[in-house]
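# A structural walkthrough
Read off the chains here:
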Amino acid sequence: MQFNEDAELDTSQVTDQRGVGGRVALGGGGLGIVGLIIYFVLSQLGGGVELPAGSGFSDVGRDQQVGSESIKQKCRTGADANREADCRAVAFINSIQSFWTDQFARSGNTYQPAQTNFFSGGVQTRCGNASSAVGPFYCPADAQVYIDLNFFQELQQKFGATGGPFVEAYVLAHEYGHHVQNLLGTSDRVRTRSGPKSDAVRLELQADCYAGAWANHATTIPTASGKPLITGVTQEDIEAALDAAARIGDDFIQRELGGGRIDTTQFTHGTSAQRQKWYTLGYETGDPARCGTFDTDNLG
């Protein structure tokens, strides 16, 4: 996939906190159920995970602050997104939020944009403190997305994912799916937090479906300048996203990274097959209304 080199990027949707502070422990109010990597996995892996250096996302030292003004100067157009990994993340965020702005408007509602925070090591949120080991997450309390961009290399190295730009898009679109659920009140429907048909699983699978719906429209979503930001999505891109979805299924994680024993009572995100199914449904239909994981007993 490529970005339209002349399309403008909107860095106001991103706050760059990389290099601010350091590693912090999980604490405070906790992250709830909306993180991409579940706490169960961390306990199985023995706690914190140190992220590798050099993932293509502008290596930042623990005491070095990048800052939002720096990324504003660096990431101006689609041409920058084609060259720089963190600008690519900005571009995806712009596209995803433009998609939801349009979808809400079609139903007579107003989409409320969410800020995305780039951080390194650890971050403080209204949901509590989090280390990079938790992975990308959405905090409903402050309605913001948080991500250590080095996670994408972790996804390849530890989980064995194929990787690539559209994997990054999938991860970000999934987290923005949680923002949409928060705006629509869907998150409030969560009562059961673990189990193969729990509300937690339904919430995560719906976010996957929302990510697929965005992918369907990715090449037609314009920026503020009126030009589509993404100029092409290939089957290879979609397959990379599906591969990533499979690598973060509950059954895959428990079997491959958690000691080999699968305990369905601990499922919080859905199986690999379920995650692929719902992402595919969203992608093939392009219709968020088809993402009715709370309205069916057949999750796949």
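Refer to the structure above for everything that follows.
None of these values were measured; they are calculated from a predicted model. (Residues numbered from 1 in each chain as written. Predicted model: local features only at pLDDT ≥ 70, side-chain atom pairs only at ≥ 80, totals over all residues. Heavy atoms only, no water.)

## So, the state of the cysteines
Across all of its chains, the model carries 3 disulfides by this definition. With its sulfur 2.0 Å from that of its partner, C75 forms a disulfide with C87. What sets the handedness of the C75 and C87 disulfide is the S-S torsion sign, and at about -80 degrees it is left-handed. One end of the pair, C75, is in the loop between helix 2 (68-74) and helix 3 (78-83); the other, C87, is in helix 4 (residues 85-106), with 12 residues separating them in the sequence. Accessibility expressed as a relative area gives 0% for C87, which makes it buried. Note that C209 is cross-linked by a disulfide to C291, the S-S spacing being 2.1 Å. Disulfide C209 to C291: torsion about the S-S bond roughly -75 degrees, handedness left-handed. Placement of the pair is C209 in helix 7 (residues 199-217) and C291 in the segment after helix 10 (272-285), with a sequence separation of 82 residues. Like C291, C209 is buried. Across the chain, the disulfide pattern expressed with sequentially numbered bonded cysteines is 1-2, 3-4, 5-6. (Disulfide = S-S within 2.5 Å. Helix = DSSP H or I, 4+ residues; strand = E, 2+ residues; numbered from the N terminus. Buried < 20%, exposed > 50% of the residue type's maximum accessible area, 1.4 Å probe, protein only.)

## Quick word on the side chain of D16
Assignment of secondary structure puts D16 in strand 2 (residues 14-16). Of the polar contacts made by the side chain of D16, one reaches the side chain of R18; its length is 2.6 Å. (Polar contact = N/O pair within 3.5 Å; in protein donor to acceptor, adjacent residues only side chain to side chain.)

## Quick notes on the packing of helix 6 (residues 165-184) against helix 7
A pair of packed helices is characterised by two quantities: the angle between their axes and the separation of those axes. As a packed pair, helix 6 and helix 7 sit with axes 7 Å apart at the nearest point and diverge in direction by 120 degrees. What the angle tells us is that helix 6 and helix 7 run oblique. The interaxial crossing formed by helix 6 with helix 7 has right-handed handedness. Between helix 6 and helix 7, the residues in contact are F166, A169, Y170, A173, H174, G177, H178, V180, Q181 and L184 and L203, E204, Q206, A207, D208, Y210, A211, W214 and A215, respectively. Of the residues contributing to the contact of helix 6 with helix 7, the split by class is 12 nonpolar, 5 polar and 2 charged. (Axes fitted to C-alpha atoms, helices over the stretch in contact; angles between N-to-C directions. Parallel < 35°, antiparallel > 145°, perpendicular 65-115°, else oblique. Left-handed = near helix turned anticlockwise from the far one by under 90°. Contact = heavy atoms within 4.5 Å. Nonpolar A, V, L, I, M, F, W, Y, C, P; charged D, E, K, R; others polar.)

## Here we look at helix 10
Compared with the 20 Å implied by 1.5 Å per residue over 14 residues, the 20 Å span of helix 10 between its first and last C-alpha is a close match. Three or more residues of helix 10 are buried, namely S272, Q274, R275, W278, Y279 and G282. Residues of helix 10 that are buried in the fold lie against helix 6, helix 7, helix 8 (235-247) and helix 9 (250-256). Two residues or fewer after helix 10 comes G286, characterised by a positive phi angle close to 65 degrees. (Expected span 1.5 Å × (residues − 1).)

## Remarks on unusual backbone geometry
One non-glycine residue, A143, adopts positive backbone phi at about 55 degrees. Along the chain, A143 turns up in the loop between strand 6 (137-139) and strand 7 (144-147). By relative accessible area, which is 23% here, A143 ends up partly exposed.

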